[in-house]
Amino acid sequence: MNILIDGYNINYKITGDGEQTVVILQGWGTGLEVYDSVAACINGSYRVIQFDFPGFGASDEPREPWDVSAYADFFCRFMETLRVEKATLIGHSYGGRVIIKLANREDLPFAIDKIVLIDSAGVLPKKTFAQKMKVKRYKVLKKFLNMKVIHGMFPELIDDWKSRQGSEDYRNATPMMRQCLVKAVNEDLTDLLPGIRQETLLIWGDLDTATPIADAKLMEQKIPNAGLAVIQGTGHFCFAEQPVIFRNIMRSYFKVGA
């Protein structure tokens, strides 16, 4: 289904018809269908809403670079448009960033019941000396290669080098979404974690390299009412790598079939 919000065509779907609503906020660069298995864990008892953020999946891109707060603003309008007054929020990776922002707002147009963060982003990793030097070298080299004379001599070689820089998410993103990604990854939300007052379940893969297990432990420590469930042998998409274990955790937490 599609809905128009602030001039943006937004892709979404709803499954289940329970009295309580759960909304899934997706990870960076994914489509809503990636979370069908997450929704299937609970949509026999809950009404579950999945959607694509602007610039994700089948939804329109933002017309200007959005930071996490702008995506939180959009989500508020999305909830108002669908007339959702109260919901449990599930966030994977980037979606977790948005939830952390939302949970710290006092003027939300809806109430957050509970929160589930799956391999959530939001903690800015500390760069090692080697990483800092690598970034410094990259900036110097980029400035040099962007000189008109130099680029004019080796345009194809330089463009190929540029295309191979940055993370996979960055390389796969459009120019507009690259700017959004840079705004997100450079913002540390650690100081906002104590402001999350809702009961929060953290579900994490112990082999996650994108948002390492150390981030989960920090969140468990900082969020006042948080609990951590670790799925052994999984990475950033723990729900897809060990679906049965993930399903059991979700059904237990949401008291499905109890």
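Basis of the calculations
Residues numbered from 1 in each chain as written. Predicted model: local features only at pLDDT ≥ 70, side-chain atom pairs only at ≥ 80, totals over all residues. Heavy atoms only, no water. Phe/Tyr/Trp six-rings, centres within 6.5 Å; stacked < 30°, edge-to-face > 60°. Helix = DSSP H or I, 4+ residues; strand = E, 2+ residues; numbered from the N terminus. Buried < 20%, exposed > 50% of the residue type's maximum accessible area, 1.4 Å probe, protein only. Lys NZ or Arg CZ within 6 Å of the ring centre and 35° of its normal. Core = buried A, V, L, I, M, F, W, Y, C linked by side-chain atoms within 4.5 Å. Contact = heavy atoms within 4.5 Å. Pairing = 2+ DSSP bridges. Axes fitted to C-alpha atoms, helices over the stretch in contact; angles between N-to-C directions. Parallel < 35°, antiparallel > 145°, perpendicular 65-115°, else oblique. Nonpolar A, V, L, I, M, F, W, Y, C, P; charged D, E, K, R; others polar. Arc of directions from axis to C-beta. Expected span 1.5 Å × (residues − 1).

(A) Quick look at the packing of aromatic side chains. One pass over the full model with this rule turns up 25 aromatic pairs. Plain terms: the ring middles of Y12 and F78 are 6.3 Å apart, the flat faces sit at 80 degrees to each other, and that makes the pair edge-to-face. With Y12 in strand β2 (residues 8-15) and F78 in helix α2 (residues 68-81), the pair connects residues that are 66 residues apart, well separated along the chain. Relative accessible area serves as the criterion here: at 0%, F78 is assigned to the buried category. Stacked on the ring of Y8, the Lys or Arg R63 has its end atom at 4.0 Å from the ring centre. Above the face of the F254 ring, K114 is positioned so that its terminal group lies 5.4 Å from the ring centre.

(B) Quick look at the nonpolar core. L25, F75, F78 and L89 are the most contacted members of the largest nonpolar core, which totals 51 residues. Per-element accounting of this core gives the leading share, 9 residues, to α2. Within the second largest apolar cluster, 23 residues are counted, among which are I24, V38, M250 and F254.

(C) Seen up close, the environment of V230. Position of V230 among the secondary structure elements: in strand β8 (residues 226-231). Sequence separation between V230 and I249 is 19 residues; the distance between their C-alpha atoms is 9.9 Å. Ignoring anything within four residues of it in the chain, the contact list for V230 reads W204, D206 and I213.

(D) Here's a closer look at the pairing of β8. Bridge count between strand β7 (residues 200-205) and β8: 6 bridges; the pairing is parallel. Note that in β8 the partner of G205 across the bridge is I231.

(E) Inspection of the packing of α2 against helix α3 (residues 94-103) at higher detail. Their axes nearest at 9 Å, the elements α2 and α3 cross at an angle of 75 degrees. In terms of axis orientation, α2 runs roughly perpendicular to α3. Mapping the contact onto sequence places V68, S69, Y71, A72, F75 and C76 in α2 and Y94, R97, V98, K101 and L102 in α3. By residue class, the composition of the contact of α2 with α3 is 8 nonpolar, 1 polar and 2 charged.

(F) Inspection of helix α9 (residues 213-222) at higher detail. Taken as a whole, α9 has its buried residues at I213, D215, A216 and M219. On an axial view of α9, the arc spanned by its buried residues comes to 150 degrees, and they lie on one face. When the buried face of α9 is taken as reference, the exposed residues oriented beyond 90 degrees from it are K217 and Q221. Summarising the contacts, the buried residues of α9 are in contact with α3, β6 (111-118), β7 and β8.

(G) Focus on the side chain of S120. Considering the arrangement of structural elements, one finds S120 in the loop between β6 and α4 (129-145). Residues contacting S120, with those up to four places away along its chain left out, are S93, G96, R97, I100, W204, T211 and M219.

(H) Here's a closer look at α2. Its 14 residues place the ends of α2 20 Å apart at the C-alpha level, agreeing with the 20 Å of an ideal helix rising 1.5 Å per residue. Residues of α2 that are buried: V68, A70, Y71, A72, F74, F75, C76, F78 and M79. Positive backbone phi, approximately 60 degrees, marks R83, located one or two places after α2.

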